[in-house]
Amino acid sequence: MPSCSRDRTKVVARRRTTLVSGYIMEYGRSSSGVANGSSQGVLQMQTERMTAWFEATASRHSRRVYTAAPVDSETLDTLASACEGFHPYPDARVTLVTEPGTDIFTGVIGSYGKVTGAPHVLCVIVDEDAPFAQQHAGYVGEAAVLEATSLGLGTCWIGGFFDPEKAARLVRLGENERVVAVSPVGIAVDDYSGSERAMRTMSSAHKRKSLERIVPEGTAGWPDWALAAVECARIAPSAVNRQPWRFRMRNRDLLISRDSPIEMPRVTKALDCGIAMLHIQLGALSKGVMGRWEDLAEGPTMARFVPLGEPE
Ligand SMILES: Cc1cc2nc3c(=O)[nH]c(=O)nc-3n(C[C@H](O)[C@H](O)[C@H](O)COP(=O)(O)O)c2cc1C
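Analysis parameters
Residues numbered from 1 in each chain as written. Predicted model: local features only at pLDDT ≥ 70, side-chain atom pairs only at ≥ 80, totals over all residues. Heavy atoms only, no water. Helix = DSSP H or I, 4+ residues; strand = E, 2+ residues; numbered from the N terminus. Buried < 20%, exposed > 50% of the residue type's maximum accessible area, 1.4 Å probe, protein only. Areas by Shrake-Rupley, 256 points an atom, 1.4 Å probe, with all protein chains shown as cover. Pairing = 2+ DSSP bridges. Axes fitted to C-alpha atoms, helices over the stretch in contact; angles between N-to-C directions. Contact = heavy atoms within 4.5 Å. Phe/Tyr/Trp six-rings, centres within 6.5 Å; stacked < 30°, edge-to-face > 60°. Lys NZ or Arg CZ within 6 Å of the ring centre and 35° of its normal. Salt bridge = Lys/Arg side-chain N within 4 Å of Asp/Glu carboxyl O. Parallel < 35°, antiparallel > 145°, perpendicular 65-115°, else oblique. Left-handed = near helix turned anticlockwise from the far one by under 90°. Nonpolar A, V, L, I, M, F, W, Y, C, P; charged D, E, K, R; others polar.

A closer look at the overall build of the protein
Along the backbone of the protein there are nine helices and eleven strands. For the protein, buried positions account for 55% of its 312 residues. When the accessible surface of the protein is split by element, carbon and sulfur atoms take 51% of a total near 13,300 Å².

Observations regarding the sheet that holds strand β10 (residues 290-298)
Sheet architecture is open: four strands sit in the order β8-β9-β11-β10, paired in antiparallel fashion. Because the sheet does not close on itself, it has two edges, and the strands there are β8 (245-250) and β10. In this sheet, neighbouring strand axes are inclined to one another by 25° on average, regardless of whether the strands run parallel or antiparallel. Each of β8, β9 (253-258) and β11 (301-309) is contacted by helix α8 (residues 224-234), which is oriented at about 170° to β8, the strand it contacts most.

Remarks on the packing of aromatic side chains
Considering all chains together, one arrives at five aromatic pairs under this definition. Both rings, one in Trp225 and one in Phe305, keep their centres 5.6 Å apart while their planes meet at 50°; by these two values the pair is tilted. Residue Trp225 is found in helix α8, and its partner Phe305 is found in strand β11; the two are separated by 80 residues along the sequence. The class of Trp225 is buried, set by a relative accessible area of 10%. A relative accessible area of 0% means that Phe305 is categorised as buried. Grouped by ring-pair contacts, the aromatic residues Trp53, Phe86, Tyr89 and Tyr139 constitute a single cluster. Its guanidinium or amino end placed over the ring of Phe161, Arg266 lies 4.9 Å from that ring's centre, counting from NZ or CZ.

Overview of the pattern of salt bridges
Within the structure shown, the criterion is met by twelve salt bridges. Among the ionic pairs, Glu294 bridges to Arg304, the shortest N-O distance being 3.3 Å. Separated by ten residues along the polypeptide, Glu294 in strand β10 and Arg304 in strand β11 bring together distant segments of the chain. For Glu294, a relative accessible area of 18% corresponds to the buried category. Within this structure, Asp253, Arg292, Glu294 and Arg304 form a network of salt bridges that share partners.

Overview of the pairing of β9
The element β9 is extensively covered by neighbouring structure, given that five of its six residues are classed as buried. Inspection of the sheet shows β8 paired to β9 by six bridges, in the antiparallel sense. When the sheet's bridge partners are listed, Arg250 is paired in β9 with Asp253. Taken together, β8 and the strand that follows it, β9, pair antiparallel across an intervening segment of two residues, in which Asn251 is found at a positive phi of about 55°. Across four bridges, β9 lies against β11 in antiparallel orientation. Residue pairing across strands places Leu254 opposite Phe305, the latter belonging to β11.

Quick look at the environment of Ile158
As for its placement among the helices and strands, Ile158 is situated in the loop between β6 (154-155) and α5 (164-170). Sequence spacing of Ile158 and Val124 is 34 residues, and the spatial spacing of their C-alpha atoms is 10.0 Å.

Re the packing of α8 against helix α9 (residues 269-286)
The contact between α8 and α9 brings their axes to 7 Å, and the two run at 140°. Comparing their axes, α9 and α8 come out oblique. With respect to the hand of their crossing, α8 and α9 are arranged in right-handed fashion. In contact with Trp225, Ala228, Ala229, Val230, Cys232 and Ala233 of α8, α9 contributes Ala276, His279, Ile280, Gly283, Ala284 and Ser286. Each residue belonging to the contact of α8 with α9 can be placed in one class, and the counts come to nine nonpolar, three polar and no charged.

And the structure:
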């Protein structure tokens, strides 16, 4: 029987203040599932934690080969608490599985997605019936990935090449829930192995689209916080490094949209865009601007970031 570090019942029953990495992180949910900013008192995240996540955006790279050495229990507890404590949406959550006891990674050696030696696994879980669950999953999943990175651990989003049935057996799922993505967690080998290096070259993992590509209308007149936000989103991970996000400003708000409605099998663009949404929030905060995301269902436009001002 695999050991799941936490289950849903406990998560829901917890008070809305959670100790994360020695800091108090307060969080909350509105009935609409909108993640709100500090000044409205609905979502308050400890600024130090988010600063650590912001710093981790620059050092994070997908790692697929691990030493197999287990991570110490204190570090695992910190990561598990961060997963539980950051729960801004009711329809997406992350669980750390400390002893998966089975290989859920199905990639083929030497090609995209083969993960070896990872002792622990993050499972990103969505409520399938919720309309914005995919982007919410990207948002909370990336928080877990960045928390792990800030703790010195390796990660790699895996949306396609994992066994969903095996993954479902690792966690306690609600009626409408499924595991939408996973990530290995562990100590990555010091050097990129031959196959990992080849894979990174093949997928051009280090390359990012230019600012001009992801902001087609240009950034003339943009405030500093918005420039920092899109620069941070630019380095976000995405499936096959496709970077499907596009940004534009309307009045004081920053909008994110998909590049096109065409979807590939396995991983939705909404999941990728949810990852970029967290990066936007962290980039804005690096310039002292808190804000909240509002989900939108307006053609390709997925959400609007509303800046709320300086952190308190
Ligand atoms: C939602 C999502 C799904 C992904 N799925 C896979 C996967 O199935 N297999 C894999 O090897 N990498 C996967 N990746 C990792 C991407 O290939 C990687 O993030 C991208 O090439 C950029 O490289 P970097 O993460 O090192 O910056 C996925 C990434 C994201 C964000």
